[in-house]
Amino acid sequence: MNDSSSVIAHPYFFCGIGGSGMLPLAQIVKGLGGEVAGSDRSFDQGRTPEKFAVLERQGFQLFPQDGSGITSGDQILIASAAIEDTVPEIAKAKELGCERLTRAELLARLFNDAPCSLAVGGTSGKSTTTAMLGWIMEAAGKKPTIMNGAVMKNFVSKDRPFASAIVGDGSTFVSEVDESDGSIALYRPSVALLLNVSLDHKSMEELRELFGNFLSTADRGVVNADDVEAFRLVAQANEPLTFGIENNCAALGIAEGSIADGPTKQAALVVDRRDDSEHALRLAMPGRHNLSNALAAIAAANAAGVPLAAAVAALADFKGLARRFDIVGTSANGVTVIDDFGHNPEKARATLKTLKSHEGRVIAFFQPHGYGPLRQMGHELAETFAEELDDTDLTVLCDPVYFGGTVDRSIGSERIIDMIHAAGGKALHINTREGCGDFIVENAKPGDRVVVMGARDDTLTEFAEDLLARL
């Protein structure tokens, strides 16, 4: 990325440009001076029009998803490997002989070009930790390029409301990297940060191999000593640096008895066991998982040469991410609405644990992010809701989000409800999201916390805001 001329030599066309993975990458390519156009099914359907209006104002050319945006063999098509050849853009690009790359392939080219590259891997916590790490590097004057899957509040402005990517000076690149499609193998990081290893899209055997190789490829490996599966892989890391809240073997930890966790913020004392120094950490977000994410970001920044004290101090000004335990507000009668990206068992568990560490009934609305993921991890999801919530709480599910395609829709939310009941939890299935909203508005009581959970659907935030307005 030092020399971006090779990247911007060709015009790019992003199929699904509004997606959480595509949008920040498109912003980075455009920020480097590239010509970027795209299409999106949501744009055609009139969903989240304000997002696409902002993109057009920023100079992105938007086309219907009918192939009309692919006009030259010089264009490079960026599209998911899973997209069918029958999609008009794919067929047109093939006809014209356009080069086709996945999002990860293009990102890896940019990332691997940077002199200092920091990759955040793991099955949960990546987006928050990437944003924290990016903010630390920014505060340290490194002018990083940051690639994230979520909007980073520290970088949001009137002109840049969807700040899920930042373009820096080319010297430092911070990015989350994805194991779900195996693309983590494409990256060659200076610093590889491994947060955790748990069941999501792949088997544990596959994950152990992918993450082990991820650590061994990097100049330095930073590993969570609290996560058993991650810690087992530390031997594969070069110049390892470990962190952990519970594991006293970790080089960076938290001083015993120093954690002060409130409903909206927390504080703790970071201890560096290499020299026994202590550093006061303040975070404007609750939850043990966020303290672990902060420690991870501090460790990765330190591995990249940022003094520990500076890394810890920077996080006092970290504002968090949109849709990551994002408190939308509290109604006049005392019902708090929280917008959250929790969609796999580990993310959902972290959110529910944070909610249950403070008083008040929890009404957890969950919109599954597809029929495939529901089949893959439905049992673990059901266990999570049953175990983390008690008999005063309630889980409410609508049908999985479906944007078209040929996916098998024979197994839906009813199966999860049955499994939650079987595990001793309380749950309700209402087909439509609107119906769930009506039920929540009618049944929420003062002191309740309503959490809106799910992924791959930008309208969930609007749903949460509408709930608050109605409550």
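About the cut-offs
Residues numbered from 1 in each chain as written. Predicted model: local features only at pLDDT ≥ 70, side-chain atom pairs only at ≥ 80, totals over all residues. Heavy atoms only, no water. Helix = DSSP H or I, 4+ residues; strand = E, 2+ residues; numbered from the N terminus. Buried < 20%, exposed > 50% of the residue type's maximum accessible area, 1.4 Å probe, protein only. Lys, Arg positive; Asp, Glu negative; His and termini not counted. Salt bridge = Lys/Arg side-chain N within 4 Å of Asp/Glu carboxyl O. Polar contact = N/O pair within 3.5 Å; in protein donor to acceptor, adjacent residues only side chain to side chain. Pairing = 2+ DSSP bridges. Axes fitted to C-alpha atoms, helices over the stretch in contact; angles between N-to-C directions. Contact = heavy atoms within 4.5 Å. Parallel < 35°, antiparallel > 145°, perpendicular 65-115°, else oblique. Left-handed = near helix turned anticlockwise from the far one by under 90°. Nonpolar A, V, L, I, M, F, W, Y, C, P; charged D, E, K, R; others polar. Phe/Tyr/Trp six-rings, centres within 6.5 Å; stacked < 30°, edge-to-face > 60°.

Asks: Talk me through the side chain of Glu-89; I want residue IDs and the actual numbers.
Replies: Looking at the secondary structure, you find Glu-89 in helix H5 (residues 88-96). One buried charge, Glu-89, has no salt-bridge partner; the nearest side chain with opposite charge is Arg-41, at 8.8 Å. A polar contact of 2.8 Å, which involves the side chain of Glu-89, links it to the side chain of Ser-39.

Asks: How would you summarise the pattern of salt bridges if you had to cite specific residues and measurements?
Replies: Across all of its chains, the model carries 21 salt bridges by this definition. Note that Arg-349 is salt-bridged to Glu-387, the shortest N-O span being 3.1 Å. A residue pair is termed long-range when its members are at least 10 positions apart, and Arg-349 in helix H12 (residues 345-356) and Glu-387 in helix H13 (residues 371-388) qualify at 38 residues. Taken together, the shared-partner salt bridges connect Glu-205, Arg-208, Glu-229 and Arg-232 into one network.

Asks: Give me the pairing of strand S20 (residues 394-397): which residues, what numbers.
Replies: On any regular strand, side chains alternate: one points to one face of the sheet, the next to the other face. Covered by surrounding structure in S20 are Leu-394 and Val-396 together with Thr-395 and Leu-397, the residues of both alternating faces. Direction of pairing for strand S19 (residues 362-367) relative to S20: parallel, over a ladder of four bridges. Bridge pairing links Phe-365 to Val-396 in S20. Examined bridge by bridge, S20 and strand S21 (residues 427-429) share three bridges and lie parallel to one another. Following the sheet pairing, Leu-397 is matched in S21 by His-429.

Asks: Describe the pairing of strand S17 (residues 326-330), listing the residues and the values that go with them.
Replies: Looking at chain direction, S17 and strand S18 (residues 336-340) are connected through four bridges and run antiparallel. Directly across from Asp-326, in S18, lies its bridge partner Asp-339. Where S17 folds back onto S18 in an antiparallel hairpin, the turn is made up of five residues, including Gly-334, whose phi is positive at roughly 90 degrees.

Asks: Describe the sheet that holds S20, naming the residues involved and giving the relevant values.
Replies: Spatial ordering of the open sheet is given by S17-S18-S22-S19-S20-S21, a layout of six strands whose pairing is mixed. Edge positions in the open sheet fall to S17 and S21, since each of these has one partner strand only. The sheet shows a mean angle of 20 degrees between the axes of neighbouring strands, taken without regard to direction. Seen against the sheet, helix H15 (residues 433-443) touches S19, S20, S21 and strand S22 (449-454) and runs at an angle of roughly 175 degrees to S19. Relative to the sheet, helix H16 (residues 459-470) contacts S17, S18, S19 and S22, its axis offset from that of S22 by approximately 165 degrees.

Asks: Help me get a handle on the packing of helix H7 (residues 126-139) against helix H10 (residues 288-303), residues and values and all.
Replies: Two quantities define a packed helix pair, namely the angle between the axes and the distance from one axis to the other. Look at H7 against H10: their axes get within 9 Å of each other, and the N-to-C directions meet at 45 degrees. With respect to H10, the element H7 is oriented oblique. Along this stretch, H7 crosses H10, giving a crossing that reads as right-handed. Here Thr-128, Thr-129, Met-132, Leu-133, Ile-136 and Met-137 of H7 lie close against H10, whose contacting residues are Asn-290, Asn-293, Ala-294, Ala-296, Ala-297, Ile-298, Ala-300 and Ala-301. The residue inventory of the contact of H7 with H10, partitioned by class, reads 10 nonpolar, four polar and no charged.

Asks: So what's going on with unusual backbone geometry? Residues and values would help.
Replies: In this structure, Asp-276 is a non-glycine residue whose phi angle is positive, near 65 degrees. By the element assignment, Asp-276 lies in the loop between strand S15 (266-272) and strand S16 (277-283). Residue classification places Asp-276 among the exposed positions, given a relative accessible area of 63%.

Asks: With reference to specific residues and values, describe the sheet that holds strand S5 (residues 99-101).
Replies: One open sheet accounts for five strands, arranged S3-S2-S1-S4-S5; its pairing is parallel. In the strand order of this sheet, the two ends are held by strand S3 (61-63) and S5, each with one partner. Across the sheet, the axes of successive neighbouring strands diverge by a mean angle of 25 degrees, strand direction being ignored. Summarising the sheet, strand S1 (residues 12-15) and strand S2 (residues 36-39) pair through four bridges and their orientation is parallel. Paired with Phe-14 across the two strands is Gly-38, which belongs to S2. Packing against the sheet, helix H6 (residues 103-113) makes contact with S1, strand S4 (76-78) and S5, and its axis sits at approximately 90 degrees to S5.

Asks: I'd like a rundown of the packing of H15 against H16, residues and numbers included.
Replies: Between H15 and H16, whose axes approach to 10 Å, the crossing angle comes to 30 degrees. Between H15 and H16, the interaxial angle falls into the category roughly parallel. For the pair H15 and H16, the crossing hand works out as right-handed. In this structure, H15 uses Arg-433, Gly-437, Asp-438, Ile-440 and Val-441 to contact H16, whose residues at the interface are Thr-459, Leu-460, Phe-463, Leu-467 and Arg-470. Residue composition of the contact of H15 with H16, by class: five nonpolar, two polar and three charged.

Asks: I'd like a rundown of the packing of aromatic side chains, residues and numbers included.
Replies: According to the stated counting rule, one finds seven aromatic pairs in the structure shown. Here the aromatic rings of Phe-13 and Phe-63 are separated by 6.2 Å at their centres, their planes lie at 45 degrees, and the arrangement is tilted. Highlighted residues: Phe-13 in strand S1 and Phe-63 in strand S3, separated in sequence by 50 residues. Phe-13 sits in the buried class, given a relative accessible area of 0%.

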